[in-house]
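Coordinate inspection notes
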Amino acid sequence: MEQNIIESSNNAASTAIVTLSQHVQQRIVSTRQQKVIVDADVADLYGVETKRINEAVRNNLDKFPEDYMFVLTKEEAEVLRSKNSSTKLSTKSRTLPKA
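Residues numbered from 1 in each chain as written. Predicted model: local features only at pLDDT ≥ 70, side-chain atom pairs only at ≥ 80, totals over all residues. Heavy atoms only, no water.

In this section: the overall build of the protein chain. Counting its regular elements, the protein chain contains four helices and two strands. Counting from the amino terminus, helix and strand elements in the protein chain follow one another as α-β-β-α-α-α. Within the protein chain, buried positions represent 22% of all 99 residues. Look at the contacts in the protein chain between residues 6 or more apart in sequence, and 55% of them connect residues 24 or more apart. Total accessible area on the protein chain stands at roughly 7,700 Å², and carbon and sulfur atoms take up 51% of it. (Helix = DSSP H or I, 4+ residues; strand = E, 2+ residues; numbered from the N terminus. Buried < 20%, exposed > 50% of the residue type's maximum accessible area, 1.4 Å probe, protein only. Contact = heavy atoms within 4.5 Å. Areas by Shrake-Rupley, 256 points an atom, 1.4 Å probe, with all protein chains shown as cover.)

Structure below.
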């Protein structure tokens, strides 16, 4: 009986990891010949507002590589919006998204 509980627990954990991995992979997009996740998608993965992700990076610059994040151009944002329905790029945002 204990073996069945352990196996069931391991199967549930494996399924959760695979599901999370697939969820993250769906958010990866290509721009500037790099694979990136836009700030709004990172925020969604963590369950926080986009501005909180950007604040965390801005307040902890010493913990991130210099090229960790860049601001997308208006054209890049529009291309990503049109090509990637899974990307959370709002047309109502006052700031350009970061990747």
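Anyway, onward from the coordinates.
Below, the discussion takes up the side chain of Asp-39. With respect to the helices and strands, Asp-39 occurs in helix α2 (residues 39–46). If we ignore the near neighbours within four places in the chain, the residues touching Asp-39 are Thr-50, Ile-53, Asn-54, Pro-97 and Lys-98.

Before going further, it helps to examine the packing of α2 against helix α3 (residues 50–59). In the contact formed by α2 and α3, the axes pass within 8 Å of each other and the chain directions differ by 100 degrees. The angle between the axes of α2 and α3 places the two elements in the roughly perpendicular class. Across the interface between the two elements, Asp-39, Ala-40, Val-42, Ala-43 and Tyr-46 of α2 pack against Thr-50, Ile-53 and Asn-54 of α3. When grouped by side-chain class, the residues that make up the contact of α2 with α3 number five nonpolar, two polar and one charged. (Axes fitted to C-alpha atoms, helices over the stretch in contact; angles between N-to-C directions. Parallel < 35°, antiparallel > 145°, perpendicular 65-115°, else oblique. Nonpolar A, V, L, I, M, F, W, Y, C, P; charged D, E, K, R; others polar.)

Let us look at the pattern of salt bridges. Under the counting rule described, the total for this entry stands at five salt bridges. Of the charged contacts in the structure, one is a salt bridge between Asp-44 and Arg-27, with a shortest N-O distance of 2.6 Å. Of this pair, Asp-44 sits in helix α2 while Arg-27 is found in helix α1 (residues 2–27), placing the two residues 17 residues apart along the sequence. Judged by relative accessible area, which is 33%, Asp-44 ranks as partly exposed. Accessibility expressed as a relative area gives 6% for Arg-27, which makes it buried. Arg-32 is the partner of Glu-76 in a salt bridge, and the nearest nitrogen-oxygen pair spans 2.7 Å. Here the residue Glu-76 occupies a position in helix α4 (residues 74–83), and Arg-32 occupies one in the loop between β1 (29–31) and β2 (34–36), the gap between them amounting to 44 residues. Bridged by salt links that share partners, the residues Arg-27, Asp-41 and Asp-44 form one connected network. (Salt bridge = Lys/Arg side-chain N within 4 Å of Asp/Glu carboxyl O.)

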